[in-house]
Amino acid sequence: MAPPAPPLLAAPSDRRHLLILGGTTEARALAAALDGRTGLRVTSSLAGRVARPRLPAGEVRIGGFGGADGLAAWLRAERVDAVVDATHPFAAVMSGNAAAAAAATGVPLLALRRPGWAAVPGDDWHRVPSLDAAAALLPALGRRVLLTSGRQGIAAFAHLNGLHFVARSVDPPEPPLPAALDVLLDRGPFTLDGERAVLREHRIDVVVTKDSGGAATAPKLTAARELGLPVVVVDRPPLPAGVPVAANVPEALERLAEQGLTDG
């Protein structure tokens, strides 16, 4: 059971300030749900790794903070009353910085994390702890790979010869890259019919994915199951110890209301 969040700091004015970290679907939905509420200022912070991000409602800042110390200084300067870490489940560095900055400043922190995927009958999943482990396993599973680990994860497969990769990412990847590589520039949510078409047209015989969870990119798992394809699933890193977690936006809103930041 998640530990209770610490009480909110006393605000210097009647207007509370919430910082939402991340540009995920959940982060945008939370910002939209809180946008325009009386007595509440909401700032969303995006890492800036995507060229044309989908901007959330309300105030937006783009770019890093300069590590945990930089984030802590920003929380103090902007008089932030609470932080919601709604970053991607694999953004371990940012989550670690958020936990350290929250601890240093006494600002309450809540992690908003969608649940990971769970295998169902008919799935042929191979769980691994890292992208490097996924690369080591691939040659035993297939030769034509649909790689959906994001453009920054493609480098882990650059050394593999004899395999043909079809990598899907929002923006073009940068070297190092596998010698045999086709790039599909696309952004979810994806449909089941679309995923079936990708697997068939590119003659895919193995899929690699991070355990991101959520519905937007899950259809590839169904399509792979229908075709009897193995799927290499990279486990997500753990959250920093002691950080309370909400599994969805309604739960996050309830937790924030319990802390007195919102009216529910």
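Structure shown above.
Described below are features of the structure shown in this document.

Cut-off values and rules
Along every chain, residues carry numbers that run from 1 in the direction the sequence is written. Selection of residues for local features in this predicted model requires a pLDDT of at least 70, selection of side-chain atom pairs for listing and counting requires 80 or more, and totals for whole chains, interfaces and linings are taken over all residues. To obtain the side-chain values, all non-hydrogen atoms of the structure were included, while hydrogens and water were left out. Between buried and exposed lies partly exposed: a residue is buried under 20% and exposed over 50% of the maximum accessible area for its type, with that area taken using a 1.4 Å probe on protein chains only. Helical segments are the DSSP runs of H or I of at least four residues, strand segments are the runs of E of at least two, and each set is numbered from the N terminus. Classification remark: right-handed applies to a crossover when, strands pointing away from the viewer, the course from the first strand over the helix to the second runs clockwise. Being paired, for any two strands, means DSSP has found at least two bridges between them. N or O atoms closer than or at 3.5 Å make up a polar contact, with two conditions inside protein: a donor-capable atom paired with an acceptor-capable one, and, for residues adjacent in sequence, both atoms drawn from side chains. Note on contacts: a residue pair qualifies if any of its non-hydrogen atoms lie within 4.5 Å across the two residues. Between N-to-C directions, angles cover 0 to 180 degrees, with each direction set by a line fitted to C-alpha atoms, over the stretch in contact for helices. The labels follow the angle: roughly parallel below 35 degrees, roughly antiparallel above 145, roughly perpendicular from 65 to 115, and oblique for the rest. Throughout, a crossing is termed right-handed when the near helix is turned clockwise from the far one, and left-handed when it is turned anticlockwise from it by less than a right angle. Polar here means any residue other than Ala, Val, Leu, Ile, Met, Phe, Trp, Tyr, Cys and Pro, which are nonpolar, and Asp, Glu, Lys and Arg, which are charged; Gly is therefore polar. Pairing of aromatic side chains requires ring centres within 6.5 Å, counting the rings of Phe and Tyr and the six-membered ring of Trp. Pairs whose planes differ by under 30 degrees are stacked, by over 60 edge-to-face, and all others tilted. Should the NZ of a Lys or the CZ of an Arg lie within 6 Å of a ring centre and within 35 degrees of the ring normal, that charge is described as sitting over the ring.

**Details of the pairing of strand β1 (residues 16-21)**
- Burial of β1 is extensive: five of the six residues sit out of reach of the surface.
- Once the chain exits β1 it traverses helix α1 (residues 25-34) before rejoining the sheet at strand β2 (residues 40-46), and the crossover so formed is right-handed.
- Looking at chain direction, β1 and strand β4 (residues 82-85) are connected through four bridges and run parallel. Opposite Ile 20, over in β4, you have Val 84 as the bridge partner.

**Some details on the side chain of Ser 169**
- Inspection of the secondary structure assignment puts Ser 169 in strand β8 (residues 164-169).
- Given a relative accessible area of 5%, Ser 169 falls into the buried group.
- Separated by 2.7 Å, the side chain of Ser 169 and the backbone oxygen of Asp 171 make a polar contact.
- In this structure Ser 169 touches Arg 151, Val 183, Leu 184, Leu 185 and Asp 186, once residues within four positions along its chain are discounted.

**Section: the sheet that holds strand β11 (residues 230-234)**
- With respect to topology, six strands assemble into an open sheet ordered β6-β11-β10-β7-β8-β9, the strand pairing being parallel. Each having just a single partner strand, β6 (124-128) and β9 (181-185) make up the two edges of the open sheet. Going from strand to strand, the sheet's axes swing by 20° on average, the running direction of each strand aside.
- Here β8 pairs with β9 via five bridges, running parallel. In the sheet register, Arg 168 faces β9, and the bridge partner there is Leu 184.

**As for the packing of α1 against helix α7 (residues 249-258)**
- One can describe the packing of α1 onto α7 by two numbers: an axis separation of 10 Å at closest approach and a directional angle of 50°. As the angle between them shows, α1 and α7 are arranged oblique. Crossing of α1 against α7: the hand is right-handed. Across the interface between the two elements, Glu 26, Ala 29, Leu 30, Ala 33 and Leu 34 of α1 pack against Val 249, Leu 253 and Leu 256 of α7.
- Looking at the contact of α1 with α7 residue by residue, the class counts come to seven nonpolar, no polar and one charged.

**Quick look at the sheet that holds β4**
- Spatial strand order, β3-β2-β1-β4-β5-β12: six strands in an open sheet with parallel pairing. Looking at which strands have only one partner, the edges of the open sheet turn out to be β3 (59-62) and β12 (245-246).
- Bridge count for strand β5 (residues 109-112) against β12 is two bridges, and the pairing is parallel. Looking across to β12, one finds that Ala 111 is bridged to Val 245.
- Contacting β1, β2, β3 and β4, helix α2 (residues 67-77) crosses the sheet at an angle of about 155° to β1.

**Digging into the environment of Gly 39**
- By the secondary structure assignment, Gly 39 is in the loop between α1 and β2.
- Taking the C-alpha atoms as reference points, Gly 39 and Thr 262, 223 residues apart in sequence, are found 8.7 Å from one another.
- The residues touching Gly 39, leaving out its near neighbours within four places in the chain, are Asp 14, Arg 15 and Arg 16.

**Describing the packing of aromatic side chains**
- What the rule picks out here adds up to two aromatic pairs.
- Seen from their ring centres, Phe 65 and Trp 74 are 5.6 Å apart, and the 70° between their planes marks the pair as edge-to-face. For the residue pair Phe 65 and Trp 74, the accessibility class agrees, reading buried in each case.
- The positively charged end of Arg 168 is found above the aromatic ring belonging to Phe 190, 3.8 Å away from the centroid.

**What to know about unusual backbone geometry**
- Here the residue pair Pro 175 and Pro 176 is connected by a cis peptide bond, since its omega of 5° sits within 30 degrees of zero.
- Position of Pro 176 among the secondary structure elements: in the loop between β8 and β9.
- Look at the link from Gly 188 to Pro 189: it is a cis peptide, with omega at 10°.
- Unusually for a residue other than glycine, Arg 203 sits at a positive phi of about 50°.
- Examined against the element boundaries, Arg 203 turns out to sit in the loop between α5 (192-201) and β10 (206-210).

**Section: the environment of Arg 200**
- Positionally, Arg 200 belongs in helix α5.
- In this structure, the C-alpha to C-alpha distance between Arg 200 and Leu 227, residues 27 residues apart in sequence, is 9.1 Å.

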